[in-house]
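Chain residues, written in single-letter form:
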Amino acid sequence: MNQNNTNNLFSEYTHLYSINTADIWENEQSIVFSENCNDKVAIRMLTYLKEIIQEKGECNFHYDSYEKGDASFKKYYSRVMNLFRESSHNFKELYGIEFFFDSKGNCFSFDTPVEITKNDTNFNFWFAFFLRKFDQNIFEIQNFLDHQLLSNFNNNHIEFSSFLKLCLRQYSEILSAKVFQTADEWLNKKTEENTIKTRKSSKGDESYFAPKHSFKLKDVDDFKMYFEKKAYDFSEIINDLRKDFVHESTRVQQLKDILSGIEIDPKNRIEWIGSFKELNLFVTFLNYDLKKIQPIKNGIWETTCVCFTKNGNDIKEAQISNANGSVRKKNLLFEIVAKL
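Counting restarts for each chain, with residues numbered from 1 along the sequence as it is written. Per-residue local features of the predicted model are confined to residues with pLDDT of at least 70, and side-chain atom pairs are confined, for both listing and counting, to 80 or more; whole-chain, interface and lining totals are unaffected and use all residues. Excluded from the side-chain calculations are hydrogens and water; all other atoms, namely the structure's heavy atoms, are used.

**Student:** It is not clear to me how helix α9 (residues 157-170) should be interpreted in this structure. Could you clarify?
**Tutor:** Every helix listed is a DSSP run of H or I at least four residues long, and every strand listed is a run of E at least two residues long, numbered separately from the N terminus. Each residue after the first adds 1.5 Å to the expected span of a helix. In this model, α9 (14 residues) spans 20 Å end to end at C-alpha, consistent with the 20 Å of a helix rising 1.5 Å per residue. Using a 1.4 Å probe on the protein chains alone, a residue whose accessible area is under 20% of its type maximum counts as buried, one over 50% counts as exposed, and one in between counts as partly exposed. Buried within α9 are the following residues: H157, F160, S161, F163, L164, K165, C167 and L168. Under this definition, polar contacts are N or O atom pairs within 3.5 Å; protein pairs additionally need one hydrogen-donor-capable and one acceptor-capable atom, and for neighbouring residues in sequence, both atoms have to be side-chain atoms. The residue sitting at the N-terminus of α9 and contributing the capping side-chain oxygen is N156; that oxygen lies 3.3 Å from the backbone nitrogen of I158.

Written as structure tokens, this is what we have:
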């Protein structure tokens, strides 16, 4: 596809799949006046809409217009203001009249089109509610997610993947099963495509340290300074690993050691309590998918055996490289490694 066609396509997608409050309002308004209305969700939507429209939207008319206006406009202003005051006690009536006044007496419309970007407050909220509007046409979800990956996340799959997982989890109660499942299927497909692409690009990488010693984080010159700076992150990572993957006695220093490229004392190896398949995934994410360590072209599983034990015993390379089993915790491992 040439550059002009790409630009035209992006322009079209910007119109259709950029998050904007007018489209969200139209969808939420239809839900409010249906049997599927959730009062708390509807009221929260009004609150967030008022905030973002006052911040970025255009005003219908200002209070100054009332002071400077003629008798006819003052009569109109007073009538509209009274209608708002009467409706403000019932959120459904606000959805019906479609406008509101701020504390200064300025009037705004709820259906004002405000474009939402990643830099806006409550971006995850707006993202979820824009996604929810595709309930009547789930065929558009793929295009929406493709566009958001490019426009708001600069094609950073890892960042968008992490965001989307949390967003689906946080707002599962307002998304229909078919919307949730379609978005989750897109996420899994993109993750697999990115995994294959990353692994292919890693095949020609060379290792710059002795891989049999331990793994070594990329782009770190001073490990002491790096670990001091990342102390909180490593504490959080080891706590996450202790829940399902490493023995509860595992110390943060042990994790730091196996990521420093140093020779590991057999007594200080990490006891892996997860499955061999999960250990395979952990190392695969480190070396291939997320490229967190200096690439090991040969000896990746030998290095793993130097760093880990299982049930207090040495691990054989074949036990990891040929491991089969459930990948149910694959996404959880991916999120943990991504924090490094």
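**Student:** Looking at this structure, how should I read the environment of Y77?
**Tutor:** Among the structural elements, Y77 can be located in helix α5 (residues 71-87). Relative accessible area serves as the criterion here: at 4%, Y77 is assigned to the buried category. Separated by 98 residues in the primary sequence, Y77 and L175 have C-alpha atoms spaced 39 Å apart. In this analysis, two residues are considered to be in contact whenever any of their non-hydrogen atoms come within 4.5 Å of each other. If we ignore the near neighbours within four places in the chain, the residues touching Y77 are F61, Y63, Y66, F101 and G105.

**Student:** Whenever I open this one, helix α12 (residues 231-244) confuses me. Can you help?
**Tutor:** Buried within α12 we find F234, I237, I238, D240 and L241. An end-on view of α12 places all buried positions within 160° of arc, on one side of the element. Pointing more than 90 degrees away from the buried face of α12 are the exposed residues Y232 and K243. Of the surrounding secondary structure, the elements contacted by the buried residues of α12 are α11 (223-229), α13 (252-258), α14 (276-289) and α17 (330-338). The directions considered for the arc run from the helix axis to the C-beta atoms.

**Student:** How should unusual backbone geometry be read in this particular structure?
**Tutor:** Peptide bonds are trans in most cases, and residues, glycine excluded, mostly fall at negative phi. Although it is not a glycine, N122 sits at a positive phi angle of roughly 65°. With respect to the helices and strands, N122 occurs in the loop between β2 (107-109) and α7 (123-132). Unusually for a residue other than glycine, N154 sits at a positive phi of about 50°. Note on placement: N154 falls in the loop between α8 (141-151) and α9.

**Student:** Looking at this model, I keep getting lost on a negative patch on the surface. Mind explaining?
**Tutor:** Like-charged residues are merged into a patch within 9 Å and nonpolar side chains (Val, Leu, Ile, Met, Phe, Trp, Tyr) within 5 Å, provided each residue has over 30% relative accessible area and no salt bridge. With residues, only the protein chains shown are counted as cover, and all accessible areas are computed by Shrake-Rupley using a 1.4 Å probe. Salt bridge criterion: a side-chain nitrogen from Lys or Arg within 4 Å of a carboxyl oxygen from Asp or Glu. His residues and chain termini do not enter the charge count, which takes Lys and Arg as positive and Asp and Glu as negative. Every charge is mapped to an atom, namely NZ of Lys, CZ of Arg, CG of Asp or CD of Glu. Taken together, the side chains of D219, D221, D222 and E228 define an acidic patch exposed on the protein surface. Note on placement: D222 falls in the loop between α10 (177-202) and α11.

**Student:** Hey, could you run me through the pattern of salt bridges in this one?
**Tutor:** As a working rule, side chains carrying opposite charge can pair if their charged atoms are close by. All chains considered together, the criterion is met by 11 salt bridges. Here E28 makes a salt bridge to R132, at a shortest N to O gap of 2.8 Å. Within this pair, whereas E28 is found in helix α2 (residues 21-32), its partner R132 is found in helix α7, the two being separated by 104 residues in sequence. Exposure class is identical for E28 and R132. Each is buried.

**Student:** Explain the nonpolar core here, please?
**Tutor:** Nonpolar side chains tend to gather and get buried jointly when the protein is soluble and globular. Nonpolar cores were defined as sets of buried Ala, Val, Leu, Ile, Met, Phe, Trp, Tyr and Cys residues, with membership established by side-chain atoms within 4.5 Å. In this structure, W126 and F127 are the most contacted members of the largest nonpolar core, which totals 57 residues. F127 has contacts with I19, F144, L145, Q148, F160, F163, L164 and C167, leaving out every residue within four places of it along the chain. Of all hydrophobic cores here, the second largest spans 39 residues; its members include F215, F245, I300 and F308.

**Student:** Sorry if this is basic, but what is going on with the environment of S30 here?
**Tutor:** Mapped onto the elements of the fold, S30 is located in helix α2. Taking the C-alpha atoms as reference points, S30 and G105, 75 residues apart in sequence, are found 28 Å from one another.

**Student:** What exactly am I supposed to notice about the packing of aromatic side chains here?
**Tutor:** The relation between two aromatic rings is expressed through the spacing of the ring centres and the mutual angle of the planes. What counts as a ring pair is set by centres within 6.5 Å for rings of Phe, Tyr and Trp (its six-membered ring), and what kind of pair is set by the plane angle: stacked under 30 degrees, edge-to-face over 60, tilted for all other angles. Under the defined criterion, the tally for this structure stands at 44 aromatic pairs. For the pair F100 and F108, a centre-to-centre distance of 5.5 Å together with 15° between the ring planes defines the contact as stacked. When sorted by exposure, F100 lands in the same class as F108, which is buried. Aromatic side chains F130 and F134 sit 5.8 Å apart centroid to centroid with 80° between the ring planes, which places their arrangement in the edge-to-face category. Judged by its relative accessible area of 0%, F130 is buried. Using a relative accessible area of 5% as the deciding quantity, one classes F134 as buried. Each member of the aromatic cluster is reached from another via a ring pair, and the members are Y17, F123, F127, F130, F134, F144, F153, F160, F163 and W186. Only Lys NZ and Arg CZ are tested; either one counts as a charge over a ring when it is within 6 Å of the ring centre and within 35 degrees of the ring normal. Against the face of Y66 rests K74, its NZ or CZ located 5.8 Å from the ring centre. Directly above the aromatic system of F276 lies the positively charged group of K310, at a separation of 5.8 Å from the ring centroid.

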